[in-house]
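Residues per chain are reported as follows:
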Amino acid sequence: MKFITLLLLASAANTLSARGIDDCVDALANMPGYRASATYSVTLPQAQDDIVYTVDLAQDPAEADSYLLQWSVMSPSGPVSGFTAWFDGNFYNFRNHRLQERHDDRDPETPAGTRAPQNAAQFASLLPTRIAQWLREVQNEPNTAATLSEQGNELTLTLVRQPADEIESEITWTFELPSMRPLKFYADYNPGSISGQQVNAVYAYGDSLAPLPAGLNEAYLRGLFPDAFEKYRESQFAVENMRGLPLPAFSLPKLGGGRLARQASDAFRAPTAVVFFDPAATLTPELIKALRGAVDRLPVDAEIIWASTEKNPDAAAQLLEPLRPGETALTGANSLALACGTAALPTILVCTPKGEISNIITGLNQNLQSDVMQLLTTAK
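Residues numbered from 1 in each chain as written. Predicted model: local features only at pLDDT ≥ 70, side-chain atom pairs only at ≥ 80, totals over all residues. Heavy atoms only, no water.

Caption draft 1: Structural detail: the nonpolar core. In this structure, Tyr40, Leu57, Leu126 and Tyr203 are the most contacted members of the largest nonpolar core, which totals 43 residues. In contact with Leu57, other than residues within four places in its own chain, are Tyr34, Arg35, Ala36, Ala38, Leu68, Leu69, Phe123, Leu126, Leu127 and Tyr203. By size, the runner-up hydrophobic cluster in this structure holds 36 residues, among which are Phe83, Ala307, Leu330 and Ile357. (Core = buried A, V, L, I, M, F, W, Y, C linked by side-chain atoms within 4.5 Å. Buried < 20%, exposed > 50% of the residue type's maximum accessible area, 1.4 Å probe, protein only. Contact = heavy atoms within 4.5 Å.)

Caption draft 2: Expanded view of the packing of aromatic side chains. Applying the stated criterion across every chain, the model contains 16 aromatic pairs. Where Tyr34 meets Tyr205, the ring centres are 5.9 Å apart and the plane angle is 75°; that geometry is what we call edge-to-face. With Tyr34 in the loop between helix H2 (21-29) and strand S1 (35-43) and Tyr205 in the loop between strand S11 (197-204) and helix H5 (218-224), the pair connects residues that are 171 residues apart, well separated along the chain. Look at Tyr34 and you get buried, because its relative accessible area is 6%. Relative to Tyr203, the ring of Trp173 has its centre 6.5 Å away and its plane inclined at 45°; by these criteria the two rings are tilted. Here Trp173 is found in strand S9 (residues 169-176), whereas its partner Tyr203 is found in strand S11, with 30 residues between them in sequence. (Phe/Tyr/Trp six-rings, centres within 6.5 Å; stacked < 30°, edge-to-face > 60°. Helix = DSSP H or I, 4+ residues; strand = E, 2+ residues; numbered from the N terminus.)

Caption draft 3: Summary view of the layout of surface pockets. The computed volume of the largest pocket comes to approximately 1,200 Å³. Those elements that provide at least two residues to the lining of the largest pocket are strand S2 (51-59), strand S3 (67-75), strand S4 (78-87), strand S5 (90-95) and strand S6 (98-103). Looking at the lining of the largest pocket element by element, the count peaks at five residues for S3. By residue class, the composition of the lining of the largest pocket is 22 nonpolar, 12 polar and seven charged. Roughly 520 Å³ of internal volume is contained in the second largest pocket. Looking at the second largest pocket, it is lined by 25 residues, and the ones nearest its centre are Thr114, Ser125, Trp134, Phe185 and Tyr189. (1 Å grid on protein atoms, 1.4 Å probe; cavity = no way out; pocket = protein on both sides within 12 Å on 5 of 7 lines; lining within 4 Å. Points joined across faces, edges and corners; volume = space filled by probe spheres on them. Nonpolar A, V, L, I, M, F, W, Y, C, P; charged D, E, K, R; others polar.)

Caption draft 4: Structural view of the side chain of Asn119. Along the chain, Asn119 falls in helix H3 (residues 117-120). Among the polar contacts made by the side chain of Asn119, one reaches the main-chain carbonyl oxygen of Gly113 at a distance of 2.7 Å. One polar contact links Asn119 to Arg130, side chain to side chain, over a distance of 2.8 Å. If sequence neighbours within four positions are ignored, Asn119 has contacts with Gly113, Thr114, Ala124, Arg130 and Gln133. (Polar contact = N/O pair within 3.5 Å; in protein donor to acceptor, adjacent residues only side chain to side chain.)

Caption draft 5: Representation of unusual backbone geometry. Here the residue pair Leu177 and Pro178 is connected by a cis peptide bond, since its omega of 5° sits within 30 degrees of zero. Along the polypeptide, Pro178 turns up in the loop between S9 and strand S10 (182-189). Here the residue pair Glu321 and Pro322 is connected by a cis peptide bond, since its omega of 0° sits within 30 degrees of zero. Inspection of the secondary structure assignment puts Pro322 in the loop between helix H8 (313-320) and strand S16 (327-330). Within the chain, His97 stands out as a residue other than glycine whose phi angle is a positive 60°. Relative to the assigned elements, His97 resides in the loop between S5 and S6. A positive phi angle is found at Asn190, which is not glycine, with a value near 50°.

Caption draft 6: Examining the pattern of salt bridges more closely. Overall, the coordinates contain 11 salt bridges when judged by the stated rule. A salt bridge links Arg222 to Glu218; the shortest N-O distance between them is 3.2 Å. Placement of the pair is Arg222 and Glu218 together in helix H5, with a separation of four residues, close to one helical turn. Residue classification places Arg222 among the partly exposed positions, given a relative accessible area of 36%. A salt bridge links Arg269 to Glu303; the nearest nitrogen and oxygen atoms lie 3.1 Å apart. (Salt bridge = Lys/Arg side-chain N within 4 Å of Asp/Glu carboxyl O.)

Caption draft 7: View of helix H10 (residues 368-377). Among the residues of H10, Leu368, Val372, Met373, Leu375 and Leu376 are the ones counted as buried. In this structure, the buried residues of H10 make contact with strand S14 (272-277), helix H7 (284-297), strand S17 (347-351) and strand S18 (357-362).

Caption draft 8: Just the side chain of Ser41, in detail. Structurally, Ser41 can be placed in strand S1. Here Ser41 falls in the buried class, since its relative accessible area comes to 14%. Look past the residues within four positions of Ser41 in its chain and what remains in contact with it is Asp50, Ile51, Val52, Gln198, Val199 and Asn200.

Caption draft 9: Structural view of the packing of H7 against H10. Where H7 meets H10, the closest approach of the two axes is 8 Å, and the angle between their N-to-C directions is 45°. For the element pair H7 / H10, the angle class is oblique. The handedness of the crossing between H7 and H10 comes out as right-handed. Listed contacts from H10 to Leu287, Lys289, Ala290, Leu291, Gly293, Ala294, Val295 and Arg297 of H7 are Leu368, Gln369, Val372, Met373 and Leu376. When grouped by side-chain class, the residues that make up the contact of H7 with H10 number nine nonpolar, two polar and two charged. (Axes fitted to C-alpha atoms, helices over the stretch in contact; angles between N-to-C directions. Parallel < 35°, antiparallel > 145°, perpendicular 65-115°, else oblique. Left-handed = near helix turned anticlockwise from the far one by under 90°.)

Here it is, written out as structure tokens:
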């Protein structure tokens, strides 16, 4: 089947002569003060239940390109929420207890168009300005067919992308007429394949959704999300802020072969000490002796994850092998140490069986063995 870029069809004669793709783009690109909520559902082939997000969408009344997104979802470990904001060349993205930032005046340049961070962020594609941007780009793509039709007070745009023999995606937008506000979005990616997934978004425009104050800025965000800026800013994030949070997800090589992969919602079999260490440090043998002595004297079962920051497994193997029951040794753990805000070694994260970090020990001291015993005993 031969596809022609933006093959336009209509349900009634002459409807497209009055309203075409360019008209849609122009209307969507010019919606300052836009405000809506959306239910965003993701269906995966092998998942029993859909992942359902609630998203609040707001564009700045002073500049439609600027926006604030707030989202929430129920995860296996409880409710999770975050936000994304963009204004005046400043990008903020808060998720997983970490506030990521990018500022045009001091950070390296990023890709343009839909790949730029402020456009590629999750849920940004639901904003009218980003729909307009995406439509501008997709018009120039080969092997994409578009059907545009009107029915009553709704305009429906369907795009089928088929770069090869099989359809890559089928995407449908429904807009309100004459305002062109988005009403529904549906996408079927890799339809019929084992890797396929469906995304469905339904917009709502309640009377309680007042526009944002004109002129988004960091002071306004700080007022809405004080903890994100005070505790979880990447530029000042510290391991002390991890108390009460789940151990971050990771996938790292294990000493002896294989990998240990863990999600943030995963539990441990028993209280667990995650030990970040440098095998080359002079006092590392003393650290290992103290930890193992603490576990030996505990009245309850406990486990240790040795997280070496060195990629070469030989250095850790010389210190730790043979591993004892309840011990796992990982190498190349710098990324996990960074995710935990670890600034110095050794650092010990004491985790509960639920997988939450209950306490933190940094450095070595003469009471390390007794400190570890006490914290593992009370990690419930």
